[in-house]
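Observations on the three-dimensional arrangement
Spelled out from the first residue to the last, the chains are:
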Amino acid sequence: MRPLAPVLVLGAAAAALQGCGGERPEGPSVVLVIVDTLRADRLGCYGGPEDVSPELDALASESIVFEDVLAPCSWTRPSIAGLVTGLHPRGLGIFKEAGDALPATTRTLAQELGAAGWNTFGITANPNINTCFGFDRGFDTYIDSDVVFEFMDRGDAQETYAFGHVTLPRSRRVLRRALEWAADHGDAPGFLQVDLMEVHERERQLRPEFRERFEGEPDQGYLAAVAQVSHDVGRFVADLRALEGWTDALVVVTSDHGEALDGDHAAVVVKPHGDLLYETQLQVPLILSRPGTLDARRIPDRVRLIDVMPTVLELCGLRPSPDLHGVSLAGLLTGTSLPDLPEVFVAETAWREREKLAAYAAEWRYVENRDGHPGTDPVELQAAGGAEDGAATNRLEQHPEIAADLARHLADWERRHPRVESTEGEALGAPARQQLEAIGYGGD
Ligand SMILES: [Zn+2]
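Description of the structure in this document. (Residues numbered from 1 in each chain as written. Predicted model: local features only at pLDDT ≥ 70, side-chain atom pairs only at ≥ 80, totals over all residues. Heavy atoms only, no water.)

**As for the overall build of the protein**
Per the secondary structure count, the protein includes 13 helices and 14 strands. Split into buried and exposed, the 444 residues of the protein put 58% on the buried side. In the protein, the share of contacts with a sequence separation of at least 24, taken over all contacts with a separation of at least 6, comes to 66%. When the accessible surface of the protein is split by element, carbon and sulfur atoms take 49% of a total near 17600 Å². (Helix = DSSP H or I, 4+ residues; strand = E, 2+ residues; numbered from the N terminus. Buried < 20%, exposed > 50% of the residue type's maximum accessible area, 1.4 Å probe, protein only. Contact = heavy atoms within 4.5 Å. Areas by Shrake-Rupley, 256 points an atom, 1.4 Å probe, with all protein chains shown as cover.)

So, in structure tokens, the structure goes:
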């Protein structure tokens, strides 16, 4: 893949900042909240139960709500890589957990905003996007998850933990640290990115006041965790907007992937995410809030998580690179133009033993399971939004012509988006990189 061209800055005021370092840029501060593992349909504002997420529902009521958003992959690292670069994960070579990292040639949202004058701060509770995988790139300050699971160790972790045996940094702590930074950086536009693991971890991280919520209901722990994180994010946004310099911030709330819950495709699910390419694991919320500037509305058009990065850049007065796979949705927000979205949306997962590609058309979900996944067929055609029970709900025989058409789409997409080799083994470990940066090498 060729390196992406740097973004061009739009407008006279913004243009003035280029070449005169230190000038305050004109765009808004931006907050990107990634609630890990949050599927859209468990939020009240996405048709879920009304009493689960009142704070996020209230935020959504004054925001732009994208009703149908697909992640490019169903597990964290490829999906967040797509979110922050506007590229399909296969264009980044991010497939596997062991070491696949963001390639040095790729520009992240933080890099683009930082280069245009924004102060930048990132913090993650999920070690999947720690510094060792390149996700710190472009941030003035980036705080890693202090928990590194054994399978993520690249030889530079001081201590590793078995999955499920530790408590990850809690949302309140992550958000408090983000607020502290924001309070100290209200004098110029800032970009603040947080990743929260409460919903991913659920029962392990519930506070007493949320632990008993939804007792007896299906998916109790999941709903209680969504309620807790909704409460925390709602408080965070209110506190942030009370800070000098942040009242007018663009707040984006989304997730990296969904989650299979009790009763979902029980015949086929092995892992609750990363495992399948059905809507339960791919459909995420996307809420954009900037009261007074962005009028509240709901947008039913299907869009992609990889469209977020170019959208945010355009809303900041910057022009996204035309080489991105994602497109800016800014015209859709304001009703002024339609983005050039594809007819068929593609998702992919290749983690662990999985090897799947999916093509989503308006009415149909077409999946190629190239991994011999028990309970699935090698080729599946199912009604989009309909049952997700693998081979049991396959309608390939009834509609072979539709499947053939989507198979062609997928083959064509694969040709146009060749897999990039993983950067595993090329990227330096964090301590080595920090040492090089300290003496003037590496970095951005
Ligand atoms: Zn995740």
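Now, onward.
**Let's talk about the nonpolar core**
One finds F66, F135, L192, F236 and L288 to be the most contacted residues of the largest nonpolar core, which totals 114 residues. The biggest single contributor to this core is helix α8 (residues 220-241), with 11 residues. Once residues lying within four places of it in the same chain are set aside, the contact partners of F236 are V31, V33, L175, A178, L179 and L192. V344, V346, L406 and W413 belong to the second-largest nonpolar core, a separate cluster that totals 12 residues. (Core = buried A, V, L, I, M, F, W, Y, C linked by side-chain atoms within 4.5 Å.)

**Overview of the sheet that holds strand β3 (residues 64-70)**
Overall, mixed pairing links the eight strands, which are arranged β5-β4-β6-β2-β7-β8-β3-β9 in an open sheet. Edge strands, defined here as strands with exactly one partner in the open sheet, are β5 (141-143) and β9 (297-304). Looking at each pair of strands side by side, their axes are set apart by 15° on average, direction ignored. Sitting on the sheet, helix α2 (residues 54-61) touches β3, β7 (250-254) and β8 (286-289), and the angle it makes with β8 is about 60°. (Pairing = 2+ DSSP bridges. Axes fitted to C-alpha atoms, helices over the stretch in contact; angles between N-to-C directions.)

**Focus on the environment of R319**
Within the secondary structure, R319 sits in strand β10 (residues 318-319). Taking the C-alpha atoms as reference, R319 lies 9.9 Å from E112; in sequence the two are 207 residues apart.

Spatial relationships are all this shows, so hold off on functional conclusions.
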